[in-house]
Amino acid sequence: MIAPKPPSRPDRVSLWRYLKLFRADILSAQPARLYRAWMAEFKTPFFRSYLINQPDLIREVLDRRPDDFPKSNRIREGLAPLLGNSVFVTNGEDWKRQRRIIDPAFEGGRIRDAFPAMYAAGAAAVARLQPGRVEIEAAMSHAAADVIFRTLFSLPIEDQTASEVFRQFREYQRTQPILNLAAFLPVPRWVPRFHRAKTRQTAAAIRSLIGALTAARQAAIGAGEAPEDLATKIMTTVDPVTGERFTAAEMVDQVAIFFLAGHETSASALAWALYLLAVSPDVQARVAVEALALDVQNPGFAMLSGLKFTRDVFRETLRLYPAVPMMVRQTTCPERFRDRAVPLGAQVVISPWHLHRHERIWDRPDEFDPDRWQTEAGRTCGREAYIPFSSGARVCPGAGFAMVEGPLLLALLVREFRFAAVPGLAPVPVAHLTVRAKDGIWLGLERR
Ligand code: HEM
């Protein structure tokens with residue numbers, strides 16, 4: 001089965017046409033040659049962008065010299081109203097200190113502790129769904145937001161504050177659609193980035209709701225009554241180097257990014273996975289075999305060992321539809337990439353979207369084939385050219401969490417429902433904050 005990708009643009013277009021294409025969608029704005037190239041250069045009047053698509057060059061930037069390629073300021077400015085100074089946007093010492101406090105919350109044992117909350121969110125998602133035609137992206141956003149609320153704050157999404165944060169996030173996405181655009185926008189840094197009034201308002205509303213949640217939690221920790229969840233863990237962890245904890249204000253920034261990074265990404269991956277299953281009935285049948293064998297009377301972490309194939313399905317989905325399609329860094333000194341001079345301050349774009357479908361790396365790159373992960377060739381490509389969670393020091397701290405959540409929710413959903421494609425409604429991928437479908441992903445659901 002061939003997994004849909006958006007049409008590419010012709011090789012040469014005018015700057016204006018390019019900008020218009022970009023505004024519509026960052027993926028279809030790119031020429032098809034990026035699926036074969038090792039590197040591409042984009043010239044704008046004020047700076048250069050370099051898309052690197054060669055595995056060892058990507059390793060150089062992400063794994064070997066991350067400090068020399070900090071996150072791009074252009075991206076940081078786009079996210080500032082919502083994320084303030086969160087770990088997603090900081091660099092240098094500030095970022096290192098934040099990771100020292102956050103990382104322990106996502107260690108293996110902690111994910112095991114979070115399992116009951118994840119399971120409860122999965123069961124609630126199954127209970128909310130009804131047979132018939134369903135826009136599955138919205139349903140998966142709801143489910144993934146529920147996972148985050150329950151694991152972070154021990155609150156189900158029915159909670160009033162939780163559902164209000166979720167609603168405001170959806171609003172925020174509508175007003176702030178294309179983030180990575182900033183890395184290509186040919187305007188100089190000193191041109192102020194306009195945040196629409198609506199974007200600022202929703203960001204402020206989200207931050208005030210989160211502020212109330214963290215303040216309440218701070219009080220509960222003080223009174224010795226806080227539940228043992230991720231928020232308590234992060235708020236009580238002491239940085240081993242400075243001996244300090246996050247202040248209440250810092251915690252608001254961090255919680256904002258956990259919501260955003262944690263639910264938008266998983267929702268995108270789950271929705272595409274269900275679409276791929278809907279159009280591959282034989283693969284879906286194999287997931288159903290694993291799902292129906294789960295011992296739902298005794299839910300527990302051990303269930304995951306029965307979901308090996310489902311895990312490969314999720315992994316293959318993240319190859320074809322990497323939730324974060326592009327990442328942007330910038331140079332701090334002049335570099336040489338593939339014998340080409342790359343100036344100081346250039347934008348370095350790493351595109352999991354193109355790397356994962358690279359025609360010179362992957363066998364049948366556009367084909368949905370979960371079995372490839374059990375072959376020698378698939379595993380080798382996986383090690384060299386598969387970075388859905390990024391790589392190196394700035395790797396996604398939620399990767400282990402997501403690789404439990406994704407297969408588990410998929411299995412619980414497939415256990416209850418049979419998913420089918422709706423004729424005439426094939427989704428067209430577009431890159432918003434995450435990879436979404438232009439008009440949603442519509443599926444037909446039937447009880448098993
Ligand atoms: C399928 C699900 C997910 C995918 C594909 C994903 C992917 C990524 C990627 C590619 C990055 C690096 C972005 C960049 O460098 O520009 C990232 C960073 C991050 N992710 Fe995830 N993520 C997922 C789930 C989660 C979850 C569940 C959480 C938390 C609960 C989370 C929290 C974060 C945070 C805090 C960062 C920033 C790390 C840093 O910059 O040091 N993610 N994620």
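The present account deals with the structure reproduced in this document. (Residues numbered from 1 in each chain as written. Predicted model: local features only at pLDDT ≥ 70, side-chain atom pairs only at ≥ 80, totals over all residues. Heavy atoms only, no water.)

With that out of the way, let us pick up the overall build of the protein chain. Regarding its fold elements, the protein chain presents 15 helices and 11 strands. Partitioning the contacts of the protein chain with sequence separation of at least 6, the portion at a separation of at least 24 is 74%. (Helix = DSSP H or I, 4+ residues; strand = E, 2+ residues; numbered from the N terminus. Contact = heavy atoms within 4.5 Å.)

Near the ligand lie 25 residues; those nearest to it are Trp95, Arg99, Arg329, Arg394 and Cys396. In the environment of the ligand, an oxygen atom lies 2.8 Å from a nitrogen or oxygen atom belonging to the side chain of Arg329. Looking at the shell around the ligand, the elements with two or more residues in it are α4 (92–102), α10 (248–278), β4 (327–330) and α15 (399–416). The leading source of residues in the shell around the ligand is α10, at five residues. Class assignment of the residues belonging to the shell around the ligand gives a composition of 16 nonpolar, five polar and four charged. (Near = heavy atom within 4 Å. Polar contact = N/O pair within 3.5 Å; in protein donor to acceptor, adjacent residues only side chain to side chain. Nonpolar A, V, L, I, M, F, W, Y, C, P; charged D, E, K, R; others polar.)

Here four strands make up an open sheet; going across it, the order is β1-β2-β7-β4 and the pairing mixed. The open sheet terminates on both sides in strands that have one partner only, identified here as β1 (39–43) and β4. Adjacent strand axes in the sheet meet at a mean angle of 25°, parallel and antiparallel pairs treated alike. As judged from the five bridges shared by β1 and strand β2 (residues 48–52), these two strands associate in the antiparallel manner. Bridged to Lys43 within β2 is Arg48. (Pairing = 2+ DSSP bridges. Axes fitted to C-alpha atoms, helices over the stretch in contact; angles between N-to-C directions.)

Here the focus is the coordination of the iron atom of the ligand. Just one protein atom donates to the iron atom of the ligand; it is Cys396 (SG), sitting 2.2 Å from the metal. Secondary-structure assignment places Cys396 in the loop between α14 (376–385) and α15. (Donors = N, O, S within 2.8 Å, 3.2 Å for Na, K, Ca; no water.)

Take unusual backbone geometry next. Located in the positive-phi region is Arg338, a residue other than glycine, with phi close to 45°. Tracing the chain through its elements places Arg338 in the loop between β5 (335–337) and β6 (340–342). Among the residues examined, Arg338 registers a relative accessible area of 46% and is labelled partly exposed. In the Ramachandran plot, Arg364 falls in the positive-phi region, its phi being about 40° despite a non-glycine side chain. One can find Arg364 in the loop between α13 (352–355) and α14. (Buried < 20%, exposed > 50% of the residue type's maximum accessible area, 1.4 Å probe, protein only.)

Okay, the sheet that holds strand β3 (residues 132–135) next. Hydrogen bonds between backbone atoms are what pair the strands of a sheet, whose relative direction is either parallel or antiparallel. Pairing within the open sheet is antiparallel, and its three strands lie in the order β3-β11-β8. Every other strand in the sheet has two partners, leaving β3 and β8 (417–421) as the edge strands with one partner each. When strand polarity is set aside, the average angle formed by the axes of neighbouring strands in this sheet is 40°. In terms of strand pairing, β8 meets strand β11 (residues 442–447) through five bridges, oriented antiparallel.

Over its 18 residues, helix α6 (residues 136–153) runs 25 Å from end to end, which matches the ideal 26 Å to within 8%, given 1.5 Å per residue. When you tally the buried positions in α6, you get 16 out of 18 residues, the bulk of the element. In this structure Glu135 caps α6, since a side-chain oxygen of it lies 2.9 Å from the backbone nitrogen of Glu137. Phi for Ser154, located one or two positions after α6, is positive at around 55°. (Expected span 1.5 Å × (residues − 1).)

If you walk through the whole model with that rule in mind, you get 12 aromatic pairs. When the centroid spacing of 6.1 Å and the interplanar angle of 35° are considered together, the rings of Phe69 and Phe337 count as tilted. Taken together, the residues span a long stretch of sequence, with Phe69 in the loop between α2 (55–64) and α3 (73–83) and Phe337 in strand β5 at a distance of 268 residues. According to the relative accessible area criterion, Phe337 is buried, its value standing at 1%. Residues Phe115 and Phe301 carry aromatic rings whose centres are separated by 5.8 Å and whose planes lie at 80° to one another, so their mutual orientation is edge-to-face. Highlighted residues: Phe115 in helix α5 (residues 108–128) and Phe301 in the loop between α11 (281–292) and α12 (308–320), separated in sequence by 186 residues. Residue Phe301 is classed as partly exposed on the basis of its relative accessible area, which comes to 23%. Of the aromatic side chains, those joined through ring pairs into one cluster are Trp272, Tyr275, Tyr321 and Trp353. Above the ring of Tyr321, the side-chain terminus of Arg357 is found at 5.3 Å from the ring centroid. (Phe/Tyr/Trp six-rings, centres within 6.5 Å; stacked < 30°, edge-to-face > 60°. Lys NZ or Arg CZ within 6 Å of the ring centre and 35° of its normal.)

Another aspect to go through is the pairing of β4. Here β4 shows no split at all, with Met327 and Arg329 on one side and Val328 and Gln330 on the other all buried. Sheet analysis places β4 next to strand β7 (residues 347–350), joined by four bridges and oriented antiparallel. Within β7, the residue paired with Arg329 across the bridge is Val348.

The next subject is the nonpolar core. In terms of nonpolar packing, the biggest core is built from 126 residues, with Ile136, Phe259, Leu274 and Phe419 touching the most fellow members. No other element matches the 19 residues that α10 contributes to this core. Apart from the residues lying within four places of it in its own chain, the contact partners of Ile136 are Ala271, Leu274, Phe419, Ile441 and Leu443. Judged by nonpolar contacts, the second largest core, of seven residues, contains Leu34, Ala40, Phe42 and Val349. (Core = buried A, V, L, I, M, F, W, Y, C linked by side-chain atoms within 4.5 Å.)

For the pair α11 and α15, the least separation of the axes is 8 Å and the interaxial angle reads 95°. As far as their axial angle goes, α15 and α11 are roughly perpendicular. Each of Gln284, Val287, Ala288, Ala291 and Leu292 in α11 lies in contact with α15, whose residues at this interface are Ala411, Val414 and Arg415. Here the contact of α11 with α15 is composed, by residue class, of six nonpolar, one polar and one charged. (Parallel < 35°, antiparallel > 145°, perpendicular 65-115°, else oblique.)

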